[in-house]
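Spelled out, the chains give:
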Amino acid sequence: MNEIIELLIIIVPAYIANSSPVLFGGGTPMDLGKNFLDKERIFGEGKTIRGFFAGSFCGIVAGAIITMIHKSIFFSDPKTQFLGFVILAVGSISGDAVGSFIKRRLKFESGKQFWLDSIFFIIFALIAVSPIIKQDFYRLENIIFIIGLTAVLHPLTNFIANKIGLKRVPW
Ligand code: CTP
Ligand code: MG
């Protein structure tokens, strides 16, 4: 039970980083409108510079607050924990952009539904934090729990964001 709470805590900065661009994103796209070698957009209109920084910032603030009030079992000390949260936040929003890069190569238009959208960002963030997180974090049941939860929560939050008018499409 405690371990589940620890897992939930650790993914908060990544979730916040991934979801806040829906509120604060927009403006100049990260790829500056440029195309890749295949003549498709590098990332597309959905990945903006402001979204990247707003997502990173919100995730890092969440990580700082958590570090002040809770000692995670998955990091050796508070400094490493905060650094881990920074990596999880920036890793999550970077993974989101890498996911879009893959999507564009597969010729999916920006905003189109794609099964990797829901889980790629968290997998990317979990790999990015591997140099500093305790290695017993990577137990199979932990990974299945986090990816499974994300696969449910990501579509659900997108659906709700669409219903309350924050997002154009329900995915
Ligand atoms: N967003 C942003 N900057 C980012 C990521 C997201 O501004 N780095 C905003 C955009 O307004 C985007 C919305 O959040 O449309 C939803 O993000 P997402 O669903 O990840 O992007 P899509 O528009 O679906 O584009 P893609 O097909 O590339 O995933
Ligand atoms: Mg999308």
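Data block above holds the structure.
A few points about the site of ligand 1
So, point 1. If you check the shell around ligand 1, you find 18 residues, and the closest are Thr 48, Ser 100, Lys 103, Arg 104 and Gly 111.
So, point 2. Here an oxygen atom of ligand 1 and a backbone polar atom of Gly 26 are 3.1 Å apart.
So, point 3. Contact between ligand 1 and Asp 96: an oxygen atom at 3.4 Å from a side-chain N or O atom of the residue.
So, point 4. Relative to its free-state accessible area of 570 Å², ligand 1 is covered by the protein chains to the extent of 83%.
So, point 5. If you list the elements that add at least two residues to the shell around ligand 1, you get helix H2 (21–24), helix H3 (49–69) and helix H4 (78–105).
So, point 6. At 4 residues, H4 tops the list of elements feeding residues into the shell around ligand 1.

Some words on unusual backbone geometry
So, point 1. You will see that Lys 39, though not glycine, has its phi angle at about 70°, which is positive.
So, point 2. Among the structural elements, Lys 39 can be located in the loop between H2 and H3.
So, point 3. A residue is classified by how much of its surface remains accessible, and Lys 39, at 68% relative accessible area, is exposed.
So, point 4. Despite not being glycine, Lys 107 has its phi angle at roughly 65°, a positive value.
So, point 5. Residue position: Lys 107 is located in the loop between H4 and helix H5 (120–128).

As for the environment of Ile 164
So, point 1. Within the element layout of this structure, Ile 164 appears in the segment after helix H6 (140–163).
So, point 2. Given the relative accessible area of 60%, Ile 164 is considered exposed.
So, point 3. Between the alpha carbons of Ile 164 and Leu 149 there is a distance of 22 Å; along the sequence they are 15 residues apart.

A closer look at a nonpolar patch on the surface
So, point 1. Where nonpolar side chains cluster on the molecular surface, the patch consists of Val 22, Leu 23, Phe 24, Leu 153, Leu 156, Phe 159, Ile 160, Ile 164 and Leu 166 and spans about 790 Å² of accessible area.
So, point 2. Those elements that place two or more of their residues in the nonpolar patch are H2 and H6.

Things to note about H5
Along an α-helix, residues three or four apart share an orientation, since each turn contains 3.6 residues.
So, point 1. Residues Phe 120, Phe 121, Ile 122, Ala 125 and Leu 126 constitute the buried set of H5.
So, point 2. Tucked inside the fold, the buried residues of H5 contact helix H1 (2–19), H4 and H6.

Procedures and definitions
Residues numbered from 1 in each chain as written. Chains lettered and ligands numbered in written order. Predicted model: local features only at pLDDT ≥ 70, side-chain atom pairs only at ≥ 80, totals over all residues. Heavy atoms only, no water. Near = heavy atom within 4 Å. Polar contact = N/O pair within 3.5 Å; in protein donor to acceptor, adjacent residues only side chain to side chain. Areas by Shrake-Rupley, 256 points an atom, 1.4 Å probe, with all protein chains shown as cover. Helix = DSSP H or I, 4+ residues; strand = E, 2+ residues; numbered from the N terminus. Buried < 20%, exposed > 50% of the residue type's maximum accessible area, 1.4 Å probe, protein only. Patch = residues over 30% accessible without salt bridge, like charges linked within 9 Å, V, L, I, M, F, W, Y side chains within 5 Å. Salt bridge = Lys/Arg side-chain N within 4 Å of Asp/Glu carboxyl O. Contact = heavy atoms within 4.5 Å.

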